[in-house]
Amino acid sequence: MLVNKLFDTAIVGGGVAGTSLLFTLARYTDLNDIILFEKYDEVSQLNSNPKANSQTLHVGDIETNYTYEKAKKVKKASFMVSNYIQNFGWLDMVGFRRDKMVLAVGEEEIAQLKKRYDAFKVLYPYLELWDEEKLRQIEPKLLEGRREPILAMGATGQITTVDFKKLSESFVQEALDTQKNIQMRYNEEVTKIERNEDGTYTITTDTTSFQAKTVVVNAGAYSLLFAQAMGYGKSYATLPIGGSFFFTKEKLLNAKVYTMQNPKLPFAAVHADPDVTQEWNTRFGPTAFALPKLERYHSLHIKDLIDALGIDMDVTKVYMSLLKDSTIRGYILRNVMEEMPLIGKEVFVKDAQKVIPSLKASDIEFAEGYGGMRPQIIDKINHELLLGEAKIEEEGITFNMTPSPGASSSLNIAMQDAQALCKHLGATFDEAKHQEEIESLKA
Ligand SMILES: Cc1cc2nc3c(=O)[nH]c(=O)nc-3n(C[C@H](O)[C@H](O)[C@H](O)COP(=O)(O)OP(=O)(O)OC[C@H]3O[C@@H](n4cnc5c(N)ncnc54)[C@H](O)[C@@H]3O)c2cc1C
């Protein structure tokens with residue numbers, strides 16, 4: 001059955017990326033008819049769920065895996081989320097102010113951290129260096145049983161923790177409040193997208209077909225598959241990297257504590273923090289290991305996986321160059337062992353002891369049902385693993401691939417897509433209103 005109405009925009013995927021676009025289009029453009037498809041019965045059941053990700057609003061201040069340039073971009077993007085949370089009254093429901101820090105362990109890391117502090121304080125004037133005396137007062141567990149010296153670079157009073165599912169729900173609520181014609185199609189899986197001769201698109205789902213003038217695919221690991229089915233994005237493949245967590249029952253920390261990045265490793269170093277879902281207390285992780293899945297806890301469609309992996313000579317070259325490095329090989333092996341039922345916690349606790357030296361394997365438990373999949377993108381032309389977001393833009397249709405820090409950058413990605421859609425459709429994006437409500441913080 002074809003539903004005749006022609007929508008201005010169809011959004012595929014109701015994670016934080018899809019819902020932030022829904023909100024941005026509804027509130028800041030004059031587009032009226034928007035439809036969003038989500039294959040599950042609620043928004044943010046996959047990576048944007050608080051059980052799947054680290055719940056961190058990545059600002060770039062304590063993430064030592066970011067260069068200055070990347071930190072600058074991430075700061076601008078993630079401030080939109082903290083501004084939204086404050087300006088729209090979602091503080092303490094969606095986003096939370098907590099202390100945060102990155103911990104340097106040993107003289108070498110301390111020297112690196114001091115250098116980073118000097119270079120980054122222009123970008124983040126609120127950052128402070130916290131010595132052992134200060135840390136003993138605020139986070140005593142960091143020092144218990146510690147032999148090496150430590151120093152932290154931290155901040156207080158910032159929004160550090162976000163429940164990205166609640167953020168998605170708030171976006172839907174704000175969008176519906178605009179009184180535009182918005183259709184939320186839950187439990188409806190998009191199976192095909194086709195471009196029609198007149199430049200519009202037909203979106204076929206497992207029950208019906210719809211038409212839209214423009215489409216944005218924010219379907220996580222599936223975005224690239226949709227693009228490739230339409231003949232786009234052939235120079236990309238996906239490397240699905242799982243991430244798991246461990247928990248303690250006892251509350252050990254008040255702040256988000258990140259550790260310094262080993263520059264040779266592609267994924268962020270382990271951190272620990274209080275879990276926002278409150279089901280557990282202190283959460284450690286995430287791990288990082290290749291896993292042949294596109295959704296962590298749902299059934300696997302083998303064909304989708306094979307298509308996503310896209311294994312050919314170029315992809316194999318990227319795998320080989322990753323495996324060539326002994327630090328990366330050791331890291332991969334350790335992360336695989338961390339997933340094993342009997343030895344996992346014994347191996348993981350060694351990483352976690354960098355944060356809390358007195359932690360024992362018996363204090364932690366593998367967080368069953370927690371963790372997500374990072375759909376990392378492989379660039380087959382340049383033979384490299386891309387570590388941020390990627391976008392494929394064609395006439396009237398956009399495909400977003402949003403591994404970390406995609407949730408933190410969601411409103412920025414949405415703004416760019418909304419502006420491009422308006423340009424394509426000859427519609428208006430209200431820059432002044434967006435600037436006032438999202439890009440600047442009200443006193
Ligand atoms: C272990 C881990 C830790 C992370 N930590 C952080 C962090 O601390 N901070 C941060 O900013 N980011 C973090 N990330 C990244 C973050 O989770 C993602 O960037 C973000 O959730 C991506 O949002 P999304 O909406 O693109 O994808 P998703 O949340 O995966 O949403 C995609 C949606 O599309 C739907 N969908 C898929 N196919 C179809 C279809 N055919 N039809 C209809 N619907 C469909 C899915 O059901 C899903 O709801 C982390 C990721 C992992 C794995």
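Data block above holds the structure.
Parameters at a glance
- Residues numbered from 1 in each chain as written.
- Predicted model: local features only at pLDDT ≥ 70, side-chain atom pairs only at ≥ 80, totals over all residues.
- Helix = DSSP H or I, 4+ residues; strand = E, 2+ residues; numbered from the N terminus.
- Rg over C-alpha atoms; globule rule 2.2 N^0.38 Å.
- Buried ≥ 20, exposed ≤ 12 C-beta atoms within 10 Å, placed from the backbone.
- Contact = placed C-beta atoms within 7 Å.
- Pairing = 2+ DSSP bridges.
- Core = buried A, V, L, I, M, F, W, Y, C linked by C-beta atoms within 7 Å.
- Near = placed C-beta within 6 Å.
- Axes fitted to C-alpha atoms, helices over the stretch in contact; angles between N-to-C directions.
- Parallel < 35°, antiparallel > 145°, perpendicular 65-115°, else oblique.
- Nonpolar A, V, L, I, M, F, W, Y, C, P; charged D, E, K, R; others polar.
- Expected span 1.5 Å × (residues − 1).

A. Representation of the overall build of the chain in the model. Regarding its fold elements, the chain presents 12 helices and 20 strands. For the chain, whose C-alpha radius of gyration is 22 Å, the value lies close to the compact-globule estimate of 22 Å for 443 residues. Judged by the C-alpha coordinates and their principal axes, the chain covers about 70 × 55 × 40 Å. Across the 443 residues in the chain, those meeting the buried criterion constitute 48%. Considering only contacts within the chain whose residues lie at least 6 apart along the sequence, 75% involve residues at least 24 apart.

B. Local environment of the pairing of strand S2 (residues 33-37). Counting buried positions over the five residues of S2 gives four, a clear majority of the element. Sheet topology note: the S2/strand S6 (residues 181-185) ladder contains five bridges and is parallel. Among the inter-strand pairings, Phe37 is bridged to a residue of S6, identified as Arg185.

C. Summary view of the nonpolar core. One finds Ala10, Leu22, Leu103, Val215 and Ala352 to be the most contacted residues of the largest nonpolar core, which totals 117 residues. Discounting chain neighbours no more than four positions away, the residues touching Leu103 are Leu142, Ile150, Ala152, Val257, Thr259 and Val355.

D. Quick look at the site of the ligand. Surrounding the ligand, one finds 42 residues, the nearest of these being Gly13, Gly15, Gly243, Gly372 and Gly406. Counting only elements with at least two residues in the shell around the ligand, the list comes to helix H1 (16-28) and strand S17 (372-379).

E. Representation of the environment of Phe226 within the structure. Here Phe226 lies in helix H6 (residues 223-229). Residue classification places Phe226 among the buried positions, given that 22 C-beta atoms sit within 10 Å. Look past the residues within four positions of Phe226 in its chain and what remains in contact with it is Ile193, Val217, Ala219 and Phe399.

F. Layout of unusual backbone geometry. Cis rather than trans, the peptide bond between Gly285 and Pro286 has omega equal to -10°. Within the secondary structure, Pro286 sits in the loop between strand S14 (282-285) and strand S15 (289-290). Residue Pro405 is reached from Ser404 by a cis peptide bond, and omega for that bond is 5°. Relative to the assigned elements, Pro405 resides in the loop between strand S20 (397-401) and helix H11 (410-425). One non-glycine residue with positive phi stands out, namely Asn187, at about 55°. Tracing the backbone shows Asn187 in the loop between S6 and strand S7 (190-195). With a phi close to 50°, His383 is a non-glycine residue in the positive phi region. Position of His383 among the secondary structure elements: in the loop between S17 and strand S18 (384-386).

G. Broad picture of the packing of helix H2 (residues 68-87) against H11. It is the contact of H2 with H11, at a shortest axis distance of 6 Å, that shows an interaxial angle of 105°. Considering the angle they form, H2 stands roughly perpendicular to H11. Facing Ala77, Met80, Val81 and Tyr84 of H2, the residues of H11 in contact are Ser410, Leu411 and Asn412. In terms of residue class, the contact of H2 with H11 is built from five nonpolar, two polar and no charged.

H. Representation of the sheet that holds strand S4 (residues 128-130) within the structure. Here eight strands make up an open sheet; going across it, the order is S4-S5-S3-S12-S13-S14-S11-S16 and the pairing mixed. Strand pairing shows two members of the sheet lacking a second neighbour, S4 and strand S16 (364-366), which therefore form its edges. Sheet twist, expressed as the average angle between the axes of neighbouring strands with direction ignored, equals 25°. Pairing of strand S11 (residues 246-248) with S14, which is carried by three bridges, proceeds in the antiparallel orientation. Each bridged residue has a counterpart across the sheet, and for Phe247 the counterpart in S14 is Arg283. Along the sheet, helix H10 (residues 344-352) makes contact with S11, strand S13 (271-274), S14 and S16, crossing S16 at roughly 120°.

I. Fine view of the pairing of strand S9 (residues 209-217). Within S9, seven of the nine residues are buried, which leaves the element mostly enclosed by the surrounding structure. Joining the antiparallel neighbours strand S8 (residues 201-205) and S9 is a turn of three residues. Across three bridges, the pairing between S9 and S20 is parallel. Residue pairing for S20: Val216 is matched across the bridge by Thr398.

J. Focus on the sheet that holds S15. Spatially, four strands are ordered S15-S10-S17-S18 in an open sheet, and the strand pairing comes out antiparallel. Looking along the sheet, the strands with just one partner apiece sit at the ends: S15 and S18. Both strand S10 (residues 236-243) and S17 contribute to a ladder of eight bridges, which runs antiparallel. Opposite Ile241, over in S17, you have Arg374 as the bridge partner.

K. View of helix H5 (residues 164-176). With 13 residues, H5 ought to run about 18 Å at 1.5 Å a step, and its terminal C-alpha atoms sit 18 Å apart, in line with that. Residues of H5 that are buried sit in contact with H1, strand S5 (150-162) and S6.

L. Seen up close, the environment of Gly426. With respect to the helices and strands, Gly426 occurs in the loop between H11 and helix H12 (431-439). Residues Gly426 and Asn83 lie 343 residues apart in sequence; the distance between their C-alpha atoms is 28 Å.

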